[in-house]
Amino acid sequence: LTRTQVDIRGTKNAKLAAWWDRAIDIIPKEGGKGTAIEQVLAHYKFSKEEAIAFGDGENDMDMLYPLKRIAMGNASEKVKEIATDICESVTDDGIYYYLKSQKLINE
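Since this is a predicted model, take the numbers as computed values, not measurements.

A. Representation of the packing of aromatic side chains within the structure. In this structure the tally under the stated criterion is three aromatic pairs. With 6.5 Å between their ring centres and 35° between their planes, Y44 and F46 make a pair best called tilted. Given a relative accessible area of 45%, F46 falls into the partly exposed group.

Structure (structure tokens):
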């Protein structure tokens with residue numbers, strides 16, 4: 001199904017989050033990855049400046065609000081446009097190599 005093929009009119013507590021041209025998530029209206037990130041940061045008392053978010057699909061865009069917004073190499077153009085940096089694709093272990101290049105992990 002595509003976004004245009006799904007009709008959620010009449011629902012009061014749901015919204016669509018597209019993550020591929022042929023896939024969407026129907027999620028709680030007040031939910032989503034952005035809300036989850038906010039809650040995790042608040043729980044652990046981290047600021048958005050201390051966080052890094054990685055994403056590749058449009059359903060990741062609402063969670064890409066921290067200071068460092070990293071688009072995966074395989075990300076959609078919309079995600080890449082709002083990113084502060086781009087790493088290698090998911091299939092090339094992009095997160096691992098990005099964190100290693102930033103000296104956030106070591107071997």
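B. Structural view of the nonpolar core. Core analysis: the largest hydrophobic core is formed by seven residues, namely A53, M63, L64, A71, A75, V79 and A83. Apart from the residues lying within four places of it in its own chain, the contact partners of A71 are G55, V79, K80, A83, D85, I86 and C87.

C. Representation of helix α3 (residues 94–101). Three or more residues of α3 are buried, namely G94, Y98 and L99. For α3, the buried positions fall inside an angular range of 125° around the axis, keeping them on one side. Positive phi shows up at K103, right after α3, with a value of about 60°.

Rules used throughout
- Residues numbered from 1 in each chain as written.
- Predicted model: local features only at pLDDT ≥ 70, side-chain atom pairs only at ≥ 80, totals over all residues.
- Heavy atoms only, no water.
- Phe/Tyr/Trp six-rings, centres within 6.5 Å; stacked < 30°, edge-to-face > 60°.
- Buried < 20%, exposed > 50% of the residue type's maximum accessible area, 1.4 Å probe, protein only.
- Core = buried A, V, L, I, M, F, W, Y, C linked by side-chain atoms within 4.5 Å.
- Contact = heavy atoms within 4.5 Å.
- Helix = DSSP H or I, 4+ residues; strand = E, 2+ residues; numbered from the N terminus.
- Arc of directions from axis to C-beta.

So far we have only geometry, and geometry alone does not tell us how the molecule works.
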